[in-house]
Amino acid sequence: MRLGLAAKRVALVAAMTAAAFGTGAAAAGQRTQLSIYAPFSASGTPTVRVTNTVRGHCWTGSLAAAREDAWRCMSGNFIYDPCFSSASAQGIVLCPATGPWNSAAIEIRLTQGLPKQYGNKGKPSTSGLPWALVTTSGWKCRLATGATTVVDGRRANYGCTRTKDWLWGAPMRRSEPWRIYAASGTARKLSRTIAIRAAWF
């Protein structure tokens, strides 16, 4: 009887442990999903849902997305980065309203031509730094284009929803799913990493 009760207790503890770490175990078996953000079709038709249209201009290549069709733009006093152009859609750029995880976008009708001499170089690819990430815990993070801080040689790169933590440095691609350091903006040392579910370029 005592052995039977002990066995039941062991089984219960094992089940509780599996439940507690199930998400992590699932994450370990996943691969980070990589996507190139494409708000236009090949013909220049928006593939996203335009929720607002404003007038403005772009003055340099995007600081967030290092690709030739990505721009840093302004309407009024508000900066949009990244915004995306298409050779088949003259006079407009499309800027993700909150991020690539939904279809909402802001259309900027350009008051000036795109400053191609100040644009980024290179075709869209997944080899550089992502401009948006989603962690396996559901944080939605975008690359910060303003001044931040550096700890242990890594910049506070990504501000996220649902947390006060930042994601630091670049994703570590040597494992699947990818991982990245996470810590508060006042951290003095980086030690904890979290898994990345999806990355957009």
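Please refer to the structure placed before this passage.
Describe the overall build of the protein chain, with residues and values.
Counting secondary structure elements, the protein chain contains one helix and 13 strands. Starting at the N terminus, the α and β elements of the protein chain follow one another as α-β-β-β-β-β-β-β-β-β-β-β-β-β. Here the protein chain holds 201 residues, and 41% of them are scored as buried. Taking as baseline every contact in the protein chain between residues at least 6 positions apart, the subset at least 24 positions apart corresponds to 51%. Per element, the accessible surface of the protein chain, about 11300 Å² overall, is 55% carbon and sulfur.

Lay out the side chain of T60 in plain terms, naming residues and giving numbers.
As for its position among the elements, T60 is in strand 2 (residues 49–61). Excluding residues within four positions of it along the chain, T60 makes contact with W71, R72, P115 and Y118.

So what's going on with the environment of R31? Which residues, and what values?
Mapped onto the secondary structure, R31 falls in the loop between helix 1 (2–28) and strand 1 (33–35). With relative accessibility at 61%, the residue R31 sits in the exposed group. Residues R31 and P177, spaced 146 residues apart in sequence, show a C-alpha to C-alpha distance of 4.5 Å. Apart from residues no more than four positions distant in its own chain, R31 is found in contact with E176, P177 and R197. Within polar-contact distance, the side chain of R31 engages the side chain of E176 at 3.5 Å.

Let's hear about the pairing of strand 7 (residues 132–135): which residues, and what values?
Burial along strand 7 is two-sided: A132 and V134 and L133 and T135, pointing in opposite directions, are all buried. In the sheet, strand 7 pairs with strand 8 (residues 140–143) via three bridges, with the strands oriented antiparallel. Counted as the bridge partner of V134 is K140 from strand 8. Linkage of strand 7 to strand 8, two consecutive antiparallel strands, is achieved through a turn of four residues, within which G138 is found at a positive phi near 95°.

Before we move on, can you summarise the state of the cysteines with the specific residues and values?
Under the defined criterion, the tally for this structure stands at three disulfides. Sulfur-sulfur distance for the disulfide between C58 and C73 comes to 2.0 Å. Disulfide C58-C73: torsion about the S-S bond near 90°, hence right-handed. One end of the pair, C58, is in strand 2; the other, C73, is in strand 3 (residues 70–75), and 15 residues separate them in sequence. The buried category is assigned to C58, whose relative accessible area is 3%.

Can you tell me about unusual backbone geometry, naming the residues and giving the values?
Residues D81 and P82 are joined by a peptide bond in cis, for which omega reads 10°. Backbone torsion omega between E176 and P177 reads -5°, so that peptide bond is classified as cis. Note that P177 resides in the loop between strand 11 (165–172) and strand 12 (179–184). Phi is positive for R162, close to 65°, though the residue is something other than glycine. Along the chain, the position of R162 falls in the loop between strand 10 (154–160) and strand 11. Overall, R162 belongs to the exposed group, its relative accessible area being 67%.

Describe the nonpolar core, listing the residues and the values that go with them.
Counting 30 residues, the largest nonpolar core has W131, L133, W139, C141, Y158, L167 and I180 as the members making the most contacts within it. Elements that contribute at least two residues to this core include exactly strand 5 (89–96), strand 7, strand 8, strand 10, strand 12 and strand 13 (193–200). No other element matches strand 13, which puts five residues into this core. Apart from the residues lying within four places of it in its own chain, the contact partners of I180 are L133, Y158, L167, W168, G169, A170, P171, M172, R192, T193, I194 and I196. Membership of the second largest hydrophobic core comes to 11 residues, among which are W71, Y80, C95 and L110.

Scoring rules and cut-offs
Residues numbered from 1 in each chain as written. Predicted model: local features only at pLDDT ≥ 70, side-chain atom pairs only at ≥ 80, totals over all residues. Heavy atoms only, no water. Helix = DSSP H or I, 4+ residues; strand = E, 2+ residues; numbered from the N terminus. Buried < 20%, exposed > 50% of the residue type's maximum accessible area, 1.4 Å probe, protein only. Contact = heavy atoms within 4.5 Å. Areas by Shrake-Rupley, 256 points an atom, 1.4 Å probe, with all protein chains shown as cover. Polar contact = N/O pair within 3.5 Å; in protein donor to acceptor, adjacent residues only side chain to side chain. Pairing = 2+ DSSP bridges. Disulfide = S-S within 2.5 Å. Core = buried A, V, L, I, M, F, W, Y, C linked by side-chain atoms within 4.5 Å.

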